[in-house]
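Here is how the chains run, residue by residue.
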Amino acid sequence: MEKPKFKHLVTTCVPIKIENVDTDQIIPARFLKATTRDGFGQNLFADWKKDANGNPKPDFPLNDTRYAGAILVSGKNFGSGSSREHAAWSIYDYGFRVVVSSFFADIFKSNSLNNGLLVVQVSDAFLEILFNAIEKDNQTKVEVDLENQFIKIIDLNLSESFEINPYKKICLLNGYDDIDFVLSLKDKIEAFETKN
């Protein structure tokens, strides 16, 4: 199934100013029994979102009505721990299209990019400025431009470039998975075979 294309996004953010967020905190293991990707978003950060009685914790950012938007901003070392792809599924299914941090675990980064979720790694300094801007004004708008590879805090007119694997960039821009990418090269492959 073709994923939506990602090129450009302007939105507010949801801040989770916690470092070393691992995949078990993102989506606890007890929710991994499903065989399809649907419905994982409702259990995103389940143990942080709800108390022991299943009641929402009002101070957790996903329950705080001041915060909304398609960008999740988190502390350093996001997505560490086990390699479960469900972590990326749950973030995407919740409605986030970008995760911003100053460091991502490699497997989480790969899983995210494979599932249409853009991970934007910024400097520690930029991340701190972003957290401060959101804390000061929860309506702070952030622009993410994949084509030109920059993230910008619009009100501050402050931007920073980010790196992305060129192949993953092509896939995100076109909504491709690995098979879609190969199919997009069909004419070139056929031309090559005809030559040889």
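Notes on the structure in this doc start here. Remember, it's a predicted structure, so these values are computed and weren't measured experimentally. (Residues numbered from 1 in each chain as written. Predicted model: local features only at pLDDT ≥ 70, side-chain atom pairs only at ≥ 80, totals over all residues. Heavy atoms only, no water.)

1. Side note on the pairing of strand 3 (residues 71-74)
We apply this condition: Exposure classes here rest on a 1.4 Å probe applied to the protein chains alone. A residue is buried below 20% of its type maximum, exposed above 50%, and partly exposed in between. Secondary structure elements are defined from DSSP: runs of H or I of at least 4 residues count as helices, runs of E of at least 2 residues count as strands, and each element is numbered from the N terminus. Note on pairing: two strands pair once DSSP finds at least 2 bridges between them.
Side chains Ile-71 and Val-73 project from strand 3 onto one buried face, and the interleaved Leu-72 and Ser-74 project onto a second face that is buried too. Sheet analysis places strand 2 (residues 13-16) next to strand 3, joined by four bridges and oriented parallel. Counterpart to Cys-13 in the pairing with strand 3 is Ile-71. Across three bridges, the pairing between strand 3 and strand 4 (residues 98-101) is parallel. Residue pairing for strand 4: Ile-71 is matched across the bridge by Val-98.

2. Some details on the packing of aromatic side chains
For clarity, the threshold we go by: Only rings of Phe, Tyr and Trp enter the pairing, Trp through its six-membered ring, and a pair is recorded when the two centres are within 6.5 Å. The plane angle decides the type: under 30 degrees is stacked, over 60 is edge-to-face, the rest tilted.
Applying the stated criterion to the full structure yields eight aromatic pairs. Ring centres 5.5 Å apart and planes at 65° place the aromatic pair Phe-40 and Trp-89 in the edge-to-face group. Here Trp-89 lies in helix 3 (residues 86-94) and Phe-40 lies in the loop between helix 1 (23-26) and helix 2 (46-49), a separation of 49 residues in the sequence. Owing to a relative accessible area of 2%, Phe-40 belongs among the buried residues under this scheme. Taking relative accessible area as the criterion, Trp-89 reaches 14% and is therefore assigned buried.

3. What to know about the packing of helix 3 against helix 4 (residues 106-114)
The condition is simple: Between N-to-C directions, angles cover 0 to 180 degrees, with each direction set by a line fitted to C-alpha atoms, over the stretch in contact for helices. Orientation labels follow simple angle bins: below 35 degrees gives roughly parallel, above 145 gives roughly antiparallel, 65 to 115 gives roughly perpendicular, and whatever is left gives oblique. Each crossing gets its hand from how the near helix is turned against the far one by less than a right angle, where anticlockwise is left-handed and clockwise is right-handed. Contacts between residues were defined by any pair of non-hydrogen atoms, one from each residue, lying within 4.5 Å. Residues are grouped as follows: nonpolar covers Ala, Val, Leu, Ile, Met, Phe, Trp, Tyr, Cys and Pro; charged covers Asp, Glu, Lys and Arg; every other residue, Gly included, is treated as polar.
Their axes nearest at 8 Å, the elements helix 3 and helix 4 cross at an angle of 50°. As judged from the angle between their axes, helix 3 and helix 4 are oblique. The chirality of how helix 3 crosses helix 4 is right-handed. On helix 4, the residues that touch Ala-87, Ala-88 and Ile-91 of helix 3 are Phe-108, Asn-111 and Ser-112. Taken together, the residues that form the contact of helix 3 with helix 4 break down as four nonpolar, two polar and no charged.

4. Here's the deal with helix 4
For helix 4, the full list of buried residues reads Phe-108, Asn-111, Ser-112 and Leu-113. If you follow the buried residues of helix 4, they end up packed against helix 1, helix 3, strand 5 (118-121) and helix 6 (166-174). The positive-phi residue at the C-terminal boundary of helix 4 is Gly-116, with phi of around 80°.

5. Some words on the nonpolar core
Rules: Side-chain atoms within 4.5 Å link the members of a nonpolar core, which is a set of buried Ala, Val, Leu, Ile, Met, Phe, Trp, Tyr and Cys residues.
Of all hydrophobic cores here, the largest spans 50 residues; its most connected members are Phe-45, Phe-78, Val-100, Leu-118 and Val-144. In terms of residue count, helix 5 (residues 124-136) provides more of this core than any other element does, six residues in total.

6. Section: the sheet that holds strand 1 (residues 8-11)
Read across the open sheet, the four strands follow the order 1-6-7-8; overall the sheet is antiparallel. Pairing within the sheet leaves two strands with one partner each, and these edge strands are strand 1 and strand 8 (158-161). Strand-to-strand twist in this sheet, taken as the mean axis angle between neighbours without regard to direction, amounts to 10°. With four bridges joining them, strand 1 and strand 6 (residues 142-145) adopt antiparallel strand pairing. Across the sheet, residue Val-10 finds its bridge partner in strand 6, namely Glu-143. Contacting strand 6, strand 7 (150-153) and strand 8, helix 5 crosses the sheet at an angle of about 35° to strand 7.

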